[in-house]
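Listed below, chain by chain, are the residues.
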Amino acid sequence: MGASAAVAVVIAKEKHLVSHMRRLGATSPAAAKTPADLGIEPRLAWERLVARAVVREARPGTYYLDEPTWEALRSVRRRVAIVCLILGLIVLAFAVLESR
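Residues numbered from 1 in each chain as written. Predicted model: local features only at pLDDT ≥ 70, side-chain atom pairs only at ≥ 80, totals over all residues. Heavy atoms only, no water.

A. Expanded view of helix H4 (residues 67–99). Counted at 1.5 Å a residue, the expected span for H4 with its 33 residues is 48 Å, and the 48 Å between its end C-alpha atoms agrees. Among the residues of H4, those classed as buried are Thr69, Trp70 and Leu73. Looking at the buried positions of H4, the neighbouring elements they touch are helix H1 (3–23), helix H3 (44–51), strand E1 (55–59) and strand E2 (62–65). (Helix = DSSP H or I, 4+ residues; strand = E, 2+ residues; numbered from the N terminus. Expected span 1.5 Å × (residues − 1). Buried < 20%, exposed > 50% of the residue type's maximum accessible area, 1.4 Å probe, protein only. Contact = heavy atoms within 4.5 Å.)

Next comes the structure, spelled out in structure tokens:
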């Protein structure tokens, strides 16, 4: 599996975790739940969300989804993807022009 495919899998798992936390109502410090309450085992996607403060610890062992941080992370990812796409198109355009 290529690196980009691996990243896509992790991002998909992050989205699933966020959706799952929303469904279970773990979206505020008062509604924080343990990973066991959420029915998950903390793995790579979980650790990435915790490291980025998307999933925050309210009390020892209980976590909640920080919606504004999640939206900010999604926004940054979209901008990075757009910049990469534009740069790729520029490189492609130069390659086509050079081959003529």
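B. Region of the structure containing the packing of H1 against H4. Interaxial distance between H1 and H4 falls to 12 Å at its minimum, and their mutual angle equals 155°. Here H4 runs roughly antiparallel to H1, going by the angle between their axes. Here the hand of the crossing between H1 and H4 comes out left-handed. On H4, the residues touching Ile11, Glu14, Lys15, Val18 and Arg22 of H1 are Glu67, Trp70, Glu71 and Arg77. Per-class residue counts for the contact of H1 with H4 are three nonpolar, no polar and six charged. (Axes fitted to C-alpha atoms, helices over the stretch in contact; angles between N-to-C directions. Parallel < 35°, antiparallel > 145°, perpendicular 65-115°, else oblique. Left-handed = near helix turned anticlockwise from the far one by under 90°. Nonpolar A, V, L, I, M, F, W, Y, C, P; charged D, E, K, R; others polar.)

C. Inspection of a nonpolar patch on the surface at higher detail. On the surface, a nonpolar cluster with roughly 680 Å² of combined accessible area is contributed by Ile82, Val83, Ile86, Leu87, Ile90, Phe94 and Leu97. Here Leu87 lies in helix H4. (Patch = residues over 30% accessible without salt bridge, like charges linked within 9 Å, V, L, I, M, F, W, Y side chains within 5 Å. Areas by Shrake-Rupley, 256 points an atom, 1.4 Å probe, with all protein chains shown as cover. Salt bridge = Lys/Arg side-chain N within 4 Å of Asp/Glu carboxyl O.)

D. Highlighting unusual backbone geometry. Phi at Ala53 takes a positive value of approximately 65°, unusual for a residue other than glycine. Within the secondary structure, Ala53 sits in the loop between H3 and E1.

E. A look at H1. When the terminal C-alpha atoms of H1 are compared, their 30 Å separation across 21 residues agrees well with the 30 Å that a helix rising 1.5 Å per residue should span. Along H1, the residues classified as buried are Val10, Glu14, Leu17, Val18, His20 and Met21. Seen along its axis, H1 keeps its buried residues to an arc of 160°; they face one direction. Exposed residues lying more than 90 degrees from the buried face of H1 are Ser4 and Arg23. With its phi angle positive at about 80°, Gly25 sits one or two positions after the end of H1. (Arc of directions from axis to C-beta.)

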